Amino acid sequence: METALERDDFNHSGPLHLNTVDWGNMHHRRCIAACLVQGVYVQEHDRQENRQALAPPWWEFFGYQLLYTLLDDVDSSIFGAVYEFQPEVNNYCSTEIPCYVIAFRGTITERDSVSRDLSLDLNLLQNGLHQTSRFGNAMQAVRNMVSVSGASNVWLTGHSLGSSIAMLAGKNMAKTGNFLESYLFNPPLISAPIERIKDKKVRHGIRIASSLITAGLTFAMKGNQESQQSENPFTVLSNWIPNLFVNPADHLCCEYIGYFEHRENMERFGAGAIERLATQNSLTGLLMNAMGWEYQEELQLIPSASLTINRSPSPTFKRAHGIHQWFRGDLSLQSKVYQYKL
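Please read these numbers as outputs of a predicted model, since none were measured by experiment.

Trainee: Describe the sheet that holds strand β7 (residues 305–310), listing the residues and the values that go with them.
Mentor: Note on sheets: strands pair through backbone hydrogen bonds, and any given pair is parallel or antiparallel. Sheet architecture is open: 8 strands sit in the order β1-β2-β3-β4-β5-β6-β7-β8, paired in mixed fashion. Two strands bound the open sheet, and with one partner strand each, they are β1 (64–71) and β8 (333–338). Shown here is a sheet whose adjacent strand axes are inclined to one another by a mean of 15°, direction ignored. Here 4 bridges tie strand β6 (residues 243–246) to β7, and the two strands are oriented parallel to one another.

Trainee: Go over the packing of aromatic side chains with me, naming the residues and quoting the values.
Mentor: Applying the stated criterion across every chain yields a total of 20 aromatic pairs. Plain terms: the ring middles of W59 and Y83 are 5.4 Å apart, the flat faces sit at 40° to each other, and that makes the pair tilted. Placement of the pair is W59 in helix α4 (residues 57–60) and Y83 in strand β2 (residues 78–85), with a sequence separation of 24 residues. Using a relative accessible area of 0% as the deciding quantity, one classes Y83 as buried. Among the aromatic residues, those joined into a cluster by ring pairs are W23, Y64, F85, W155, Y183, F185, F245 and W326.

Trainee: Please provide a residue-by-residue account of the nonpolar core, values included.
Mentor: By size, the foremost hydrophobic cluster in this structure holds 48 residues, and its most contacted members are F104, V142, Y256 and F260. What V142 contacts, discounting residues up to four positions off in sequence, is I102, F104, L156, A169, M173 and L180. Of all hydrophobic cores here, the second largest spans 34 residues; its members include A33, I78, F85 and I108.

Trainee: I'd love a proper account of the packing of helix α7 (residues 133–149) against helix α8 (residues 161–174), names of residues and values included.
Mentor: Where α7 contacts α8, the two axes come as close as 10 Å, and the packing angle between them is 50°. Comparing their axes, α8 and α7 come out oblique. Pair α7 / α8 crosses with right-handed handedness. Two secondary-structure elements touch here, α7 through R134, F135, A138, M139, V142, R143 and V146 and α8 through L161, I165, L168, A169, N172 and M173. Looking at the contact of α7 with α8, its residues break down into 10 nonpolar, 1 polar and 2 charged.

Trainee: Tell me about the side chain of Q86, and please be specific about residues and values.
Mentor: Structurally, Q86 can be placed in the loop between β2 and α5 (87–90). For Q86, the side chain forms a polar contact with the side chain of Q65, separated by 3.3 Å. Every residue in contact with Q86, bar those within four places of it in the chain, is listed here: G63, Y64 and Q65.

Trainee: Explain the pattern of salt bridges residue by residue, including any values.
Mentor: Within this structure, the stated rule accounts for 9 salt bridges. Note that R29 and E181 form a salt bridge whose closest N and O atoms lie 3.6 Å from each other. Placement of R29 in helix α3 (residues 26–49) and of E181 in strand β5 (residues 181–185) is noted, with a sequence separation of 152 residues between them. Classification of R29 by relative accessible area gives buried; the value is 16%. Under the relative-accessibility criterion, E181 is labelled partly exposed at 33%. R328 is paired through a salt bridge with D330; the nearest N and O atoms lie 2.9 Å apart. Of the residues examined, R328 reaches a relative accessible area of 41% and is grouped as partly exposed. For D330, a relative accessible area of 52% puts it in the exposed group.

What counts and what doesn't
- Residues numbered from 1 in each chain as written.
- Predicted model: local features only at pLDDT ≥ 70, side-chain atom pairs only at ≥ 80, totals over all residues.
- Heavy atoms only, no water.
- Pairing = 2+ DSSP bridges.
- Helix = DSSP H or I, 4+ residues; strand = E, 2+ residues; numbered from the N terminus.
- Axes fitted to C-alpha atoms, helices over the stretch in contact; angles between N-to-C directions.
- Phe/Tyr/Trp six-rings, centres within 6.5 Å; stacked < 30°, edge-to-face > 60°.
- Buried < 20%, exposed > 50% of the residue type's maximum accessible area, 1.4 Å probe, protein only.
- Core = buried A, V, L, I, M, F, W, Y, C linked by side-chain atoms within 4.5 Å.
- Contact = heavy atoms within 4.5 Å.
- Parallel < 35°, antiparallel > 145°, perpendicular 65-115°, else oblique.
- Left-handed = near helix turned anticlockwise from the far one by under 90°.
- Nonpolar A, V, L, I, M, F, W, Y, C, P; charged D, E, K, R; others polar.
- Polar contact = N/O pair within 3.5 Å; in protein donor to acceptor, adjacent residues only side chain to side chain.
- Salt bridge = Lys/Arg side-chain N within 4 Å of Asp/Glu carboxyl O.

Following this line, the structure appears as structure tokens:
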């Protein structure tokens, strides 16, 4: 069984098959983005273990240098990193290569970070991630890099909790017309585990019923938003197409599979208008607002995405949710772009 030290060692666990990087190859870009996220995890492990640094190969192998790390102001843990490409060292450059990549790690259940990380997971569950200082620091870093270098030169990437931070930052930037290329690994979608139901007809029936109820409540509470598309914050985001990477054996992110497939099915059955209204809100959020509780725009609901599903066997939840799967070269992947229809 692979040890934690071996998982952190690039020469043992890294994608050494990428000895020649093709930046035009989506699979190569996926591997690189995942490795840069892993570099953040390993930096924090290096800090906690007070050991000789194992992290640098996770970015240096691809021609990047660490510009600076992002520290949580509550526990001083490393939760993110900004990487800069070095064309002068690599003797090449291309418009396909991002000058800067901003990466965010997920939850680390180890002594020096577990308390803070789990409290942020609770904020995510309560749809309050945007109110945390960690997200505030992350958002400021993203704004700074975009203002200096432009949106076309910046990538966002993250895993698990980190993918939620990257998604929220990407949504905020998209609302200002800055569409950042984003690679989001195992992004949590907090909802009823409908996708885990084995019977396809039952899953479909539950989703249809949920869509009808949600669309009806949305129409009753907010009016016909179809006539106000230009003012609707959900449709403003429709041209931002982040790359989502999910595993059906991971109950934290697998609902994205049904979320997008159901929307396509409703369009096919002539009920697209209902689903376009329903998909903008969650039933929980609508009910909370109806009771007078303030409930912000759903972090995890996005109009468009390029969804990649890892269909390779995952014997355990830990492997299905882990970042390591995404820089392997032998995956069975299924990809599809879902573009929100206005």
